[in-house]
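# Architecture and fold: a report
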Amino acid sequence: MEYDAVILAGGAARRLGGADKPGLSVGGRSLLEIVAAAVPDAGRVIVVGPKRSAPRALYVLEEPRGGGPVPALRAGLNEVLAPWVALLAGDMPLLRPAHVAALRGVASGGPAAGAVLVDDGGREQWLAGVWRAGLLREALGGYDGRSLRGLLGPLEPVRVALPGRPWFDCDTMDDLEEAHMNVLSEWTALVCGELGIDPAKVDRDLILDLTKEVAHGVARPAAPLTAYLLGLAQGAGTAPEDAVARLTALAGDWTEATGEKLTGE
């Protein structure tokens, strides 16, 4: 299937205090870069929003500025050349190429206008779908509303549920924190697989609490070093819970302990 991608990356992000939401970082990449990476084989990647240094894309602006998703879709669709288009929000940190590929497969497998993701409550996520570009243009031509649901719902796309919550977006700081924790889960699983460790034996929260205590009570570089030493201790047979308790207490007493050493008391 030949397709282009339109990523909507505007909006005021009021629930994030007006922050540049697509530019927020998760796992070392901006949210917008993560979404763009989910369409690596798109003919064109069209971002509707302010121009950025990354990702490489064609950047356009809607008219009027801040007019909402319908004018933004119209601006992006004007630049689409392929017969299919992936319409995506610019703030979905869990979206991966396999999710978009699954949507493309469903959309192209029948006569429907497209395919759209549904969340775990069965609700359509209108900014996570793949559509026939020509039908979208026809629908936009006769539509003067402001709602994507009002525009796309009557096209009756195939509703697709996929594992991994690819529809998850970041509207609040809690959402952003959840995205960070998901990165940790993915990294933990990857490292465990590489090192032959059973992930069930890794108490991630216990280790994170310890390293946070060490970073605050001792020094930031001491946190990863402590985690490494904890691993050595566990390999030597020390129970991790006991070691963590002792190290946490040691970090809490760090200022007093070093004071005693300096004064010779």
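In what follows, the accompanying structure is described. What you are looking at is a predicted structure, and each value in this text was computed from that prediction instead of being measured. (Residues numbered from 1 in each chain as written. Predicted model: local features only at pLDDT ≥ 70, side-chain atom pairs only at ≥ 80, totals over all residues. Heavy atoms only, no water.)

Turning to the pattern of salt bridges, a few remarks are in order. Under the counting rule described, the total for this entry stands at six salt bridges. R44 is the partner of E79 in a salt bridge, and the nearest nitrogen-oxygen pair spans 3.9 Å. Residue E79 is found in the loop between α2 (69–77) and β6 (84–89), and its partner R44 is found in the loop between α1 (31–37) and β4 (45–48); the two are separated by 35 residues along the sequence. When its relative accessible area of 31% is taken as the criterion, R44 is described as partly exposed. (Salt bridge = Lys/Arg side-chain N within 4 Å of Asp/Glu carboxyl O. Helix = DSSP H or I, 4+ residues; strand = E, 2+ residues; numbered from the N terminus. Buried < 20%, exposed > 50% of the residue type's maximum accessible area, 1.4 Å probe, protein only.)

Going through the model one piece at a time under the given rule, you end up with zero aromatic pairs. Here the guanidinium or amino end of R165 rests over the ring plane of F168, the centre of that ring lying 4.9 Å away. (Phe/Tyr/Trp six-rings, centres within 6.5 Å; stacked < 30°, edge-to-face > 60°. Lys NZ or Arg CZ within 6 Å of the ring centre and 35° of its normal.)

Moving on: the pairing of β4. Two faces belong to every sheet, and in a regular strand the side chains alternate between them. Here β4 shows two buried faces, one formed by V45 and V47 and the other by I46 and V48. Across four bridges, the pairing between strand β1 (residues 3–8) and β4 is parallel. Looking at β4, one finds that A5 is bridged to V45. Direction of pairing for β4 relative to strand β5 (residues 58–60): parallel, over a ladder of three bridges. Within the sheet, the bridge partner assigned to V48 lies in β5 and is V60. (Pairing = 2+ DSSP bridges.)

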